[in-house]
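Coordinates in review
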Amino acid sequence: MKKLFTTAAVSAICIAAASTAFAASHTGAGACLITKNNTNPFFVKMKEGAAAKAAEMGMDFQAFAGEKDGDASPQIIAVENCVAAGAKGILITPSNDSVGPALKKAREAGILVIALDTPLADADAQDMTFATDNFEAGLLIGKWAKATLGDAAANAHIGMLDINKDNISVDVARDTGFLVGFGIEVPDLTVMGSETDPRVIGHESSGANPEGGVTSVENLLAKDPELNVVYTINEPAAEGAYQALKKAGREKDVLIVSVDGGCPGIASVKSGVIGATSQQYPLLMASKGIEAIAAFAADGTKPTASEGLTFFNTGVNLVTDQPAEGVPSIDSAKGTELCWG
């Protein structure tokens with residue numbers, strides 16, 4: 001217990017020290033980036049994009065990260081320290097909605113809060129979300145999978161690899177988007193698992209990582225050895241799914257689809273591990289977020305949503321080397337030009 005307390009205390013001191021340095025070095029508008037972790041290439045690219053844009057615009061910048069998806073405690077500490085440091089804006093990929101109250105306090109202190117990729121359920125916890133249209137991302141891979149299977153789609157055996165059971169907005173949007181794209185009725189688009197279609201074997205919590213992907217597919221194969229379509233929340237989970245399928249000797253007869261568009265994921269499309277993935281653009285999310293903070297610091301201007309949406313859409317493309325009729329896509333060569341990580 002003493003050791004655990006000491007580790008937590010040291011972590012808090014390190015965050016506080018970083019924030020103090022941010023305040024002390026303040027020469028212009030200050031921006032904070034807080035990601036879910038600092039290992040996922042998606043978040044690494046966000047940090048790169050935000051840091052580069054902040055340097056270009058002469059802004060002070062600090063980056064913080066949680067330890068894993070779903071753990072909001074380090075993010076809450078980071079928000080509090082950004083407020084104390086006098087930041088003008090916070091960019092955050094929230095681990096879950098429990099970070100919302102801290103963000104509302106930040107807004108009350110006059111700080112612009114922009115959620116990146118993952119909006120919070122409480123609309124008052126952010127001024128705007130800059131994100132991929134995650135429902136569209138899921139819709140594209142769902143349509144592709146259905147078109148690729150053709151008549152066999154009517155008897156598909158589908159496994160769903162989500163992040164967890166918390167109904168995180170990005171998780172829900174991709175999951176339900178895929179199912180709708182595949183032609184499966186989803187009664188409630190706000191939660192995962194409301195569908196009753198027997199083609200869906202089940203939903204597994206992958207943790208959005210390779211290890212979770214392995215365990216999830218092992219569980220799904222145990223439920224239904226005829227599994228032939230695997231939806232994955234992201235490409236690290238898809239990597240694990242493939243490992244499990246290969247171990248079972250099923251890697252050649254199961255379609256894997258995903259979302260992200262990182263360079264390793266696009267390489268997996270090229271090699272045939274992933275059939276299709278929806279590519280998003282984290283560097284653009286972060287750099288546009290920094291521009292929004294600069295505008296807010298200059299004259300109080302706040303960002304507005306894209307037409308017809310409730311968020312600022314940073315775009316998505318389906319990447320596959322097996323194009324399907326009626327489903328717009330780019331190939332892995334173009335995806336490689338646009339990838340990250």
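Just above sits the structure.
Below is a short write-up of the structure.

**Digging into the state of the cysteines**
On inspection of all chains with the given rule, the structure shows two disulfides. Between the sulfur atoms of C32 and its disulfide mate C82 the distance is 2.3 Å. The sign of the -110° torsion about the S-S bond sets the C32-C82 disulfide as left-handed. Linking C32 in strand β1 (residues 30-35) with C82 in helix α3 (residues 73-85), this pair joins segments that are 50 residues apart in sequence. In this structure, C32 and C82 share a single accessibility class: buried. The disulfide partner of C263 is C339, and the S-S distance across this bridge is 2.0 Å. When the S-S torsion is 90°, as for the bridge of C263 with C339, the disulfide is right-handed. Placement of the pair is C263 in helix α9 (residues 263-271) and C339 in the segment after α11 (332-338), with a sequence separation of 76 residues. For C263, a relative accessible area of 24% puts it in the partly exposed group.

**Some words on the packing of aromatic side chains**
Two aromatic rings, taken as a pair, are described by how far apart their centres are and by the angle between their planes. Tallied over the entire structure, the rule returns five aromatic pairs. An aromatic cluster is built from F42, F43 and W340, whose rings are joined through pairwise contacts.

**Notes on the sheet that holds strand β3 (residues 89-92)**
Read across the sheet, six strands follow the order β2-β1-β3-β4-β5-β11 without closing on themselves; strand pairing throughout is parallel. Since the sheet does not close on itself, it has two edges, and those belong to β2 (60-65) and β11 (312-313), each with one partner. Of the pairings in the sheet, the one linking β1 to β3 comprises four bridges and is parallel in character. What sits directly across from I34, in β3, is I92.

**A word on the pattern of salt bridges**
For the structure shown, the criterion picks out 12 salt bridges. Put simply, K45 and E48 hold a salt bridge, and the shortest N to O gap is 3.0 Å. Of the two residues, K45 and E48 both sit in helix α2 (residues 41-56), three residues apart, roughly one turn of that helix. Taking relative accessible area as the criterion, K45 reaches 15% and is therefore assigned buried. Here R199 ties to D197 by a salt bridge, and the two come within 2.9 Å at their closest N and O atoms. D197 matches R199 in its accessibility class, with the two residues each being buried. Sharing partners across several salt bridges, the network here consists of K53, E56, K288 and E291.

What counts as what
- Residues numbered from 1 in each chain as written.
- Predicted model: local features only at pLDDT ≥ 70, side-chain atom pairs only at ≥ 80, totals over all residues.
- Heavy atoms only, no water.
- Disulfide = S-S within 2.5 Å.
- Helix = DSSP H or I, 4+ residues; strand = E, 2+ residues; numbered from the N terminus.
- Buried < 20%, exposed > 50% of the residue type's maximum accessible area, 1.4 Å probe, protein only.
- Phe/Tyr/Trp six-rings, centres within 6.5 Å; stacked < 30°, edge-to-face > 60°.
- Pairing = 2+ DSSP bridges.
- Salt bridge = Lys/Arg side-chain N within 4 Å of Asp/Glu carboxyl O.

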